[in-house]
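A look at the structure
Residues per chain are reported as follows:
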Amino acid sequence: MSYTPNTERYKSMEYRRCGRSGLKLPAVSLGLWHNFGHIDPLEKCRAILRTAFDSGITHFDLANNYGQPSGSAEENFGTILKKDFKPYRDELIISSKAGYTMWPGPYGDWGSKKYLVSSLDQSLKRMGLEYVDIFYHHRPDPETPLEETMSALDLIVRQGKALYVGISNYRAEEAKKAIEILKRLGTPCLIHQPKYSMFDRWIEGGLLDVLDAEGVGCIPFSPLAQGLLTNKYLNGIPEDSRAARHLGNGAMEEDQITESKIKKIQQLNELAKERGQSLAQMALAWVVKDPRITSVLIGVSKPEQVTDSIRCLENYSFSQEELDKINNILK
Ligand SMILES: NC(=O)c1ccc[n+]([C@@H]2O[C@H](COP(=O)([O-])OP(=O)(O)OC[C@H]3O[C@@H](n4cnc5c(N)ncnc54)[C@H](OP(=O)(O)O)[C@@H]3O)[C@@H](O)[C@H]2O)c1
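The text that follows walks through the structure, step by step, so that each part is easy to find. Computed from a prediction, not measured in an experiment: that's the story for all the values here. (Residues numbered from 1 in each chain as written. Predicted model: local features only at pLDDT ≥ 70, side-chain atom pairs only at ≥ 80, totals over all residues.)

1. Some remarks on the sheet that holds strand β4 (residues 59–61)
Sheets are built from strands paired through backbone hydrogen bonds, the pairs being either parallel or antiparallel. Reading across from one edge, β9-β8-β7-β6-β5-β4-β3-β10 is the order of the eight strands in this open sheet, with parallel pairing throughout. Pairing within the sheet leaves two strands with one partner each, and these edge strands are β9 (217–218) and β10 (296–298). Running over the sheet, helix α3 (residues 113–127) touches β5 (93–98), β6 (132–137) and β7 (162–168) and is turned about 135° from β5. (Pairing = 2+ DSSP bridges. Helix = DSSP H or I, 4+ residues; strand = E, 2+ residues; numbered from the N terminus. Contact = placed C-beta atoms within 7 Å. Axes fitted to C-alpha atoms, helices over the stretch in contact; angles between N-to-C directions.)

Set out below in structure tokens:
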């Protein structure tokens, strides 16, 4: 079935400038870490991507190791891109990354120039793309000189294989150093991708300030703590949930759903109801409320979750009383 995108798609989405760059990103972006691999039905992936694009989501986030098996999310994305989105390439911001274990031997992991350049070449092939819009170093490498990793990012941009570069999972101090090196090389760091949610607030302790001062955007991942910050686990563990699927590769497991977490989720759920939102919407709104956040990077297992989550943008203002209540619950 041929695809005609919704002509109204740009009307309801908010687009935010990414740091002090020229690029704007949708306030909600979609990640393809899980639910887009060869173990997942391709038609479901396709339906999710269509719903997202129809809703004004222009940014799709990938990495070399996404999907099961690793690399299959990029392959599936490439297949769907060819079928549905090819005429719209210039309306899309597609990102990929390298930094985690991808292939055996010393050149398929961490942060050497050898790994980053080869990995991006492989990603481009899998997706059938000439370039990605954003290429990230996925995690800091304690052994490779930062200078080498950053000059690999600079090289990739100069080769025309990526338009912009970013870093992910870098702590405040190492992010500052990376940003400085990139600036010196003449390829500014566009964006940082850290983990951030009501349950994991480490970026409030310095990273957000660094990014703000340096004019670098911020796109938090796992804003729903992989599904915990929704109504999904209130009454047990549904069979089709991420926790029940034992996906490995960093995916949430059942033992992370502790009694103390459930108690907090129940209280947060009540507050969300008072605000007229689903818990997922309130948890995303809580991230998006900070103007230093460029976009919130969601994951979904079905199209309806895109439609539900995106409605966080209808109300992301919080009274001081609500913020205090949230802080008390999270203590
Ligand atoms: N840079 C990094 O190191 C890194 C690491 C992790 C992720 N990421 C990026 O961040 C993206 C998002 O991460 P994530 O998938 O962990 O994000 P998340 O938004 O915290 O969790 C997504 C999961 O929450 C559930 N969910 C989503 N919307 C819902 C709704 N409206 N109602 C009920 N449940 C809902 C679904 O769980 P079910 O599957 O159980 O339905 C979904 O799979 C990834 O795809 C990837 O692009 C980056």
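2. Topic: the site of the ligand
In the neighbourhood of the ligand, 30 residues make up the surrounding shell, with Gly 31, Trp 33, Phe 221, Gly 227 and Gly 299 lying closest. Of all the elements, helix α10 (residues 303–310) adds the most residues to the shell around the ligand, at three residues. The residue inventory of the shell around the ligand, partitioned by class, reads 10 nonpolar, 16 polar and four charged. (Near = placed C-beta within 6 Å. Nonpolar A, V, L, I, M, F, W, Y, C, P; charged D, E, K, R; others polar.)

3. As for the nonpolar core
By size, the foremost hydrophobic cluster in this structure holds 88 residues, and its most contacted members are Ile 134 and Val 165. With nine residues, helix α9 (residues 279–288) is the largest single contributor of residues to this core. Setting aside its immediate chain neighbours within four residues, Ile 134 contacts Ile 93, Ser 95, Ala 162, Tyr 164, Val 165, Gly 166, Leu 190 and Ile 191. (Core = buried A, V, L, I, M, F, W, Y, C linked by C-beta atoms within 7 Å. Buried ≥ 20, exposed ≤ 12 C-beta atoms within 10 Å, placed from the backbone.)

4. Let's talk about the environment of Gln 281
Within the fold, Gln 281 resides in helix α9. In this structure Gln 281 comes out as buried when scored by C-beta crowding, with 22 C-beta atoms within 10 Å. When the C-alpha atoms of Gln 281 and Ser 95 are compared, they prove to be 25 Å apart, with 186 residues separating the residues in sequence. Apart from residues lying up to four places away in sequence, Gln 281 is in contact with Ala 272, Asp 308, Ser 309, Arg 311 and Cys 312.

5. Points about unusual backbone geometry
The linkage connecting Gln 68 with the following residue, Pro 69, adopts the cis geometry, with an omega of -5°. Secondary-structure assignment places Pro 69 in the loop between β4 and α2 (72–85). Here Ser 222, not a glycine, exhibits a phi torsion of approximately 50°, which is positive. Counting through the fold element by element, Ser 222 comes out in the loop between β9 and α7 (242–245). Taking the number of C-beta atoms within 10 Å as the measure of exposure, Ser 222 has 22 and is therefore buried. Positive phi values are uncommon outside glycine, yet Ala 225 reaches one of about 50°. Structurally, Ala 225 can be placed in the loop between β9 and α7. A tally of 19 C-beta atoms within 10 Å means that Ala 225 is categorised as partly exposed.

6. Details of the pairing of β6
Counting buried positions along β6 yields six of six residues, so the element is predominantly enclosed. Across four bridges, β5 lies against β6 in parallel orientation. By the bridge assignment for β6, Ser 96 is matched with Phe 135. With α3 bridging β5 and its parallel neighbour β6, the resulting β-α-β unit is right-handed. Pairing of β6 with β7, which is carried by five bridges, proceeds in the parallel orientation. By the bridge assignment for β7, Val 132 is matched with Ala 162. What joins β6 to β7 is helix α4 (residues 146–158), and the crossover it makes is right-handed. (Right-handed = clockwise from strand over helix to strand, strands pointing away.)

7. Notes on α4
Taking 1.5 Å of rise per residue, the 13 residues of α4 would be expected to cover 18 Å, and the 18 Å separating its terminal C-alpha atoms lies within 8% of that figure. For α4, the full list of buried residues reads Thr 149, Met 150, Ala 152, Leu 153, Ile 156 and Val 157. For α4, the buried positions fall inside an angular range of 150° around the axis, keeping them on one side. Following α4 by one or two positions, Gly 160 adopts a phi angle in the positive range, close to 80°. (Expected span 1.5 Å × (residues − 1). Arc of directions from axis to C-beta.)

Purely spatial values, then, with no claim about function.
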